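# Structural overview for review
The primary structure of each chain is shown beneath.
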Amino acid sequence: MSELPKAYEPQEVEANWYAAWLEGKCFEADPSSEKEAYSIVIPPPNVTGILHLGHVLNNSLQDILARRARQEGKEVLWLPGTDHAGIATQAKVERELREKEGKTRRDLGRDEFLKRVWDFKEHHGGIIIKQLKRLGCSCDWGRERFTMDESYTKWVSHVFVELFKKGLIYRGKRIVNWCPVSLTALSDEEVIMTPQKSKLYFMKYELVDAPGEYLEISTTRPETLMGDVAVAVNPKDERFAKFIGKKVRRPFPAAEIPVIADDHVDVEFGTGALKITPAHDKADFEIGERHDLEIIDVLTPDGHINCPECPDLHGVERFKARKLAAAKLEEMGLLIKVEEYDNNVGFSERAHVPIEPRISMQWFLKYPCVQEAADAVANGEIKFRPERWAKTYAHWMDNLQDWCISRQLWWGHQIPVWYHKEKLEQLTQAESLDMTNFENGDIHVGVEPPADAENWVRDDDVMDTWFSSWLWPFATMTDVGEQSATVRKFYPTTDLVTGPDIIFFWVARMIMAGYEFAGELPFKNVFFTSIIRDLKGRKMSKSLGNSPDPIELMEKYGADGLRFGLMRIAPVGSDLRFDEVSVEEGRNFANKLYNACRFRQMAEGGADHFQVAASLPPYHIDIMAKLDELADALKDSYADYRFGEIAHKLYEFLWNEFCDKFLEAVKLDLRESATAEARAATLGTFDAVMGRYLQLLSPYMPHITEELSLRMGYVEKGEFLMQKALPGEPLVGFDPAGAKSRATAVYEAAGRMRNLKTEYNVASRKDVKFVVKGAVDWLAAEAKVLGLLAGAEAVTPDDAYDPPKGTPAAVTPVGEVYLPMEGLIDVEAEKVRISKEIAKTEIEVKKCEGKLGNASFVERAPAAVVEQEKQRLEEWKVKLGQLREMLAALA
């Protein structure tokens with residue numbers, strides 16, 4: 001052993017051990033190993049991002065799985081990396097460029113701007129990797145990947161080319177989700193539908209052939225009126241049958257537009273007549289295609305009105321234009337009314353502004369291997385935990401729409417398509433591009449540019465960031481066209497830990513990509529983490545000020561304290577309500593463990609030839625048997641991915657079973673008066689249990705367990721606890737039932753005896769003496785330990801004892817226990833005290849009875865409140881009964 005300092009200082013210990021693990025190459029995976037493989041890939045965080053609690057939860061879980069797998073003798077690869085985060089990273093650089101130089105990216109040009117982004121990445125990137133190391137993450141850092149690495153970029157281009165040649169990628173003019181801040185298209189999954197308090201505008205369009213007669217319509221967007229090309233009604237709606245085929249007059253700019261019939265129109269919405277603006281609504285676009293309607297785009301890419309024919313609206317921001325358009329209708333006598341309207345509006349996930357449905361030329365992907373990906377989860381080849389997410393996944397897979405994979409950005413993987421200069425204008429304006437254009441030589445699609453590159457112009461767009469990350473499980477392990485030793489050993493991966501919010505963005509797409517490009521599933525298990533919220537149920541965010549800095553928490557409580565505190569409150573399948581108190585409890589748990597080991601060191605001595613035998617005291621056998629039970633229980637919990645349950649079991653064992661029971665029960669063995677044999681048995685038991693317990697705790701609290709294992713002599717210098725295999729055999733090799741039963745009886749009896757002391761106001765007295773009638777035959781042998789645990793001077797078995805009337809008593813597993821009160825209390829003073837307590841309690845009973853007797857309260861209060869009041873009444877009545885019994889006993 002080497003002496004433990006008086007106080008545990010986690011910051012220094014954690015830094016030292018992480019450096020030692022790196023130096024000892026403890027995290028490195030060996031593809032040539034004959035051990036069973038275990039692999040997991042990190043969900044790549046944004047390269048310029050910083051650690052938040054969601055990262056802490058996710059990566060702590062991955063680290064626990066990786067460290068547990070090493071203990072099970074597996075060859076572990078935990079592959080780390082970062083994502084280039086196209087929209088987020090470009091936005092940061094553009095903002096910096098605006099604020100510092102007053103320039104835009106177009107002022108610099110593409111090459112210079114990208115150089116700035118790479119500089120930004122080098123300066124700010126990697127912070128989150130350092131923070132993950134601070135957390136204790138045991139990734140194989142030598143294999144760290146970045147989605148813009150040269151080899152990874154080749155994978156992305158290769159995949160695009162292959163899918164294009166299969167006819168699955170095409171370019172077309174479609175209505176897309178457009179972000180007016182990021183100025184790029186977004187996929188449906190990047191749009192967050194958000195409840196909004198909107199307004200529904202009712203207005204009227206005059207019939208061309210019947211002046212003074214109007215068709216009433218309703219809309220939430222009067223600002224797009226200038227793009228109206230028709231009014232649609234449902235052909236089954238008898239109210240509007242007479243209008244079909246006629247024309248109405250669009251107010252501004254004035255134009256005659258047809259009234260058409262379409263089954264899509266909801267007769268229940270608004271007036272039942274719908275203005276059709278194909279350029280600015282997906283449903284309208286589809287109606288427009290069915291009826292061959294003109295498309296009029298009246299919005300600029302950044303969300304301003306583009307309509308020179310209406311100078312009072314032209315150039316006005318879209319939401320200001322909404323109010324102006326409504327006012328203009330009112331001036332013209334065409335606005336009937338405005339109603340409040342609750343609806344869901346799509347917001348850009350990144351920019352947090354309402355998106356615009358917009359006609360745009362984009363690249364789209366028809367998903368590959370859809371059936372294989374759907375079947376893999378449905379058949380259980382890939383297991384989702386919690387299982388309910390499988391239904392969510394299946395619903396999405398059944399309703400797939402082509403994926404818009406192009407983005408109007410510069411930072412990212414540029415589309416590997418080149419247009420011949422001679423046909424550039426024709427091709428860029430074409431309604432669609434596909435394999436036909438490739439086959440006739442109009443476009444070049446390839447990983448490498450065409451040989452005569454000077455005659456070609458590359459497509460400006462880049463691919464959606466998720467188009468690179470859907471390749472993550474296999475593209476991080478091997479180059480295009482190769483079968484590396486790493487991919488042969490570690491693919492498919494074992495587990496994936498991720499958030500349910502990216503089940504569509506990432507998980508589903510990775511499964512499809514795995515089948516398409518690797519020929520099999522990418523992982524076998526997916527564990528979806530909880531969403532972390534504050535105590536009020538709100539999502540963590542900087543704007544709300546409810547998102548604590550994990551680095552500050554680690555500096556205050558230690559990385560192990562943060563990890564363990566978070567794991568203890570992590571439920572399976574529901575949101576996690578974060579409270580810093582839980583992290584403080586994690587630190588307190590670390591201190592409890594540390595102090596238990598210091599207690600052992602202060603006892604000095606050892607037990608070199610300690611053997612587990614049936615002749616050991618029951619408390620020793622009991623704690624060792626409970627450790628064996630803990631080890632078995634943890635196997636089941638790990639198999640079910642019940643991480644919170646594991647933390648709870650580890651906590652309960654150390655705090656309640658080991659410290660509060662065992663260590664208290666054996667204190668007599670460590671006194672000078674104890675025999676050498678008793679001392680050796682106790683210290684040997686301590687070391688046997690603690691050595692194994694530290695192993696079990698290691699995946700959750702790796703730093704402190706490593707420190708204590710070395711300091712306590714449980715591992716040799718130069719060895720690492722994290723690399724030590726779990727024991728194959730239990731500590732107790734015989735039936736421990738008898739010893740466990742005896743120990744349990746003593747612990748339970750001691751608890752009831754302490755309660756008896758508390759009830760009679762002598763809890764702090766150590767000179768009390770208990771008498772036991774009808775004692776079990778072994779009580780005399782355990783009387784000293786029982787007295788120690790109960791805080792008594794003596795515990796005496798005596799069947800002849802005749803207790804005076806009113807002597808406090810309790811039935812216990814060791815017999816009927818009596819607490820003689822002679823000389824312990826001032827009986828009269830105690831009567832006064834108890835009488836006062838009775839009076840207070842009677843008042844509380846009357847209060848509860850009064851509330852519950854009030855019909856108005858019972859009928860109007862929530863059922864939960866009424867039930868709570870009933871429980872309170874029952875508790876007060878029980879207490880009142882106990883107090884009256886105590887007073888009668890004293891009488």
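This brings us to the sheet that holds strand 29 (residues 809-812). Pairing within the open sheet is mixed, and its 4 strands lie in the order 28-27-30-29. If you trace the sheet from one side to the other, it starts and ends with strand 28 (794-797) and strand 29, each paired once. Across this sheet, the average inter-strand angle for adjacent strands is 25 degrees, counted without regard to direction. As defined by bridge partners, strand 27 (residues 769-773) adjoins strand 30 (residues 815-818) across 3 bridges and the pair is classed as antiparallel.

One way to see where empty space is left: roll a probe the size of a water molecule over the atoms. Summed over all chains, the structure comprises 2 cavities of 30 Å³ or more. If you add up the space inside the largest cavity, you get close to 60 Å³. Contributing to the lining of the largest cavity are L57, L61, F527, T529, S530, A570, P571, V572, Y641, F643 and G644. When the residues that make up the lining of the largest cavity are grouped by side-chain class, the tally is 8 nonpolar, 3 polar and no charged. The volume enclosed by the second largest cavity comes to roughly 40 Å³. Taken together, W178, P180, H280, L299, T300, P301, G303, E356 and R358 make up the full set of residues lining the second largest cavity. Looking at the lining of the second largest cavity, its residues break down into 4 nonpolar, 3 polar and 2 charged.

Quick look at the environment of C179 now. When you line up the elements, C179 lands in strand 5 (residues 169-179). The class for C179 is buried, based on a relative accessible area of 0%. Measuring from C-alpha to C-alpha, the distance between C179 and D302 comes to 7.9 Å, with 123 residues separating the pair along the chain.

This brings us to unusual backbone geometry. Cis geometry is adopted by the peptide bond preceding P253, which originates at F252 and carries an omega value of -20 degrees. Secondary-structure assignment places P253 in the loop between strand 10 (247-250) and strand 11 (255-261). Between R385 and the following residue, P386, the backbone shows a cis peptide bond with an omega angle of -5 degrees. Tracing the chain through its elements places P386 in the loop between strand 15 (383-385) and helix 11 (389-398). For Y641, which is not a glycine, the phi torsion comes out positive at approximately 55 degrees. Take Y641: it is sitting in the loop between helix 21 (618-639) and helix 22 (643-665). A relative accessible area of 8% means that Y641 is categorised as buried.

With that settled, the discussion passes to the packing of helix 21 against helix 23 (residues 676-697). Remark: helix 21 packs on helix 23, axes separated minimally by 10 Å, with the N-to-C direction vectors making an angle of 10 degrees. The orientation of helix 21 relative to helix 23 falls into the category roughly parallel. Only A681, T682, T685, A688, V689, R692, Y693 and L696 of helix 23 make contact with helix 21, whose side of the interface consists of H620, I623, M624, L627, D628, L630, A631 and L634. Class assignment of the residues belonging to the contact of helix 21 with helix 23 gives a composition of 11 nonpolar, 3 polar and 2 charged.

A few words now on the packing of helix 2 (residues 53-71) against helix 6 (residues 127-135). Where helix 2 meets helix 6, the closest approach of the two axes is 11 Å, and the angle between their N-to-C directions is 55 degrees. Here helix 2 lies oblique to helix 6, going by the angle between them. At the point where helix 2 passes helix 6, the crossing takes the right-handed sense. Of the residues in helix 6, those touching helix 2 at H55, V56, N59 and S60 are I128, L132 and L135.

Bringing the sheet that holds strand 18 (residues 417-420) into the picture now. Overall, antiparallel pairing links the 3 strands, which are arranged 20-18-21 in an open sheet. If you trace the sheet from one side to the other, it starts and ends with strand 20 (443-445) and strand 21 (456-458), each paired once. The mean inter-strand angle of the sheet, taken between neighbouring strand axes irrespective of direction, is 25 degrees. Relative to strand 21, strand 18 runs antiparallel, the two being bridged by 3 bridges. Residue H420 lies in a different strand from strand 21, and its bridge partner there is W456.

Let us now look at the nonpolar core. The biggest cluster of nonpolar side chains holds 135 residues, and the ones touching the most others in it are L650, F658, M690, Y693, Y700 and F770. Here the element with the most residues in this core is helix 22; it accounts for 12 residues. With residues near it in sequence (within four places) discarded, F658 still touches I623, F653, L663, F686, V689 and M690.

Let us look at the environment of G441. Note that G441 resides in the loop between helix 13 (435-439) and strand 20. Its relative accessible area of 36% is what places G441 among the partly exposed residues. With 217 residues separating them in the primary sequence, G441 and T224 have C-alpha atoms 40 Å apart.

This paragraph deals with the pattern of salt bridges. Pairing of side chains with opposite charge becomes possible as their charged atoms draw close. Scanning the entire structure with this criterion turns up 58 salt bridges. Between K337 and E339 there is a salt bridge, with the nearest N and O atoms lying 2.9 Å from each other. Two residues, E707 and R711, come together in a salt bridge whose shortest N-O distance is 3.0 Å. Of the two residues, E707 and R711 both sit in helix 24 (residues 702-711), 4 residues apart, roughly one turn of that helix. Take E707: its relative accessible area is 11%, and that puts it in the buried class. Look at R711 and you get partly exposed, because its relative accessible area is 22%. Via salt bridges that share partners, R221, E223, R318, R322 and E356 belong to a single interconnected network.

The terminal C-alpha atoms of helix 1 (residues 10-23) lie 20 Å apart, and with 14 residues this matches the ideal 20 Å at 1.5 Å per residue to within 8%. Of the positions making up helix 1, those classed as buried are P10, V13, E14, W17, Y18 and W21. Along the axis of helix 1, the buried positions cluster into a sector of 125 degrees, meaning they face one direction only. Turned more than 90 degrees off the buried face of helix 1, the exposed positions are E12 and E23. Looking at the buried positions of helix 1, the neighbouring elements they touch are helix 2, helix 6, helix 18 (550-557), helix 19 (559-568) and helix 24. Just beyond helix 1, the residue with positive phi is K25, at close to 55 degrees.

Criteria and cut-off values
- Residue positions are given per chain, counting from 1 as you read along its sequence in written order.
- Predicted model: local features are reported for residues with pLDDT of at least 70 only, side-chain atom pairs are reported and counted for 80 or more only, and whole-chain, interface and lining totals are derived from all residues.
- Remark: hydrogens and water are excluded; side-chain values derive from all non-hydrogen atoms of the structure.
- Strands pair, by our definition, only if DSSP identifies at least two bridges between them.
- Secondary structure elements are taken from DSSP: a helix is a run of H or I of four residues or more, a strand is a run of E of two residues or more, and numbering for both begins at the N terminus.
- Angles here are taken between N-to-C directions and fall from 0 to 180 degrees, while the axes themselves are lines fitted to C-alpha atoms, restricted in helices to the stretch in contact.
- Residues are called lining when one of their atoms sits within 4 Å of a cavity or pocket point, these points coming from a 1 Å grid over the protein atoms alone, where a cavity is a set in which a 1.4 Å probe fits but cannot get out and a pocket is an open set with protein on both sides within 12 Å along at least five of seven lines.
- Grid points are joined across faces, edges and corners, and a volume is the space filled by probe spheres set on the points.
- Ten residues, namely Ala, Val, Leu, Ile, Met, Phe, Trp, Tyr, Cys and Pro, are considered nonpolar, four, namely Asp, Glu, Lys and Arg, are considered charged, and the remaining ones, Gly among them, are considered polar.
- Burial classes: relative accessible area under 20% of the type maximum marks a residue as buried, over 50% as exposed, and values in between as partly exposed (1.4 Å probe, protein chains only).
- Just so you know how the angles are binned, under 35 degrees is roughly parallel, over 145 roughly antiparallel, 65 to 115 roughly perpendicular, and the rest oblique.
- Residues count as neighbours in contact if any of their non-hydrogen atoms are within 4.5 Å of one another.
- If you view the pair so one helix is near and one far, a crossing is left-handed when the near helix is turned anticlockwise from the far one by less than a right angle, and right-handed when it is turned clockwise.
- Grouping buried Ala, Val, Leu, Ile, Met, Phe, Trp, Tyr and Cys residues that are joined through side-chain atoms within 4.5 Å yields what is termed a nonpolar core.
- The rule for a salt bridge is simple: a side-chain nitrogen of Lys or Arg has to be within 4 Å of a carboxyl oxygen of Asp or Glu.
- Here the expected length of a helix is defined as 1.5 Å per residue gap, with one fewer gap than residues.
- This arc is taken over the directions from the axis of the helix to the C-beta atoms.

Note that every value here comes from positions in space, so none of it alone points to a role or purpose.
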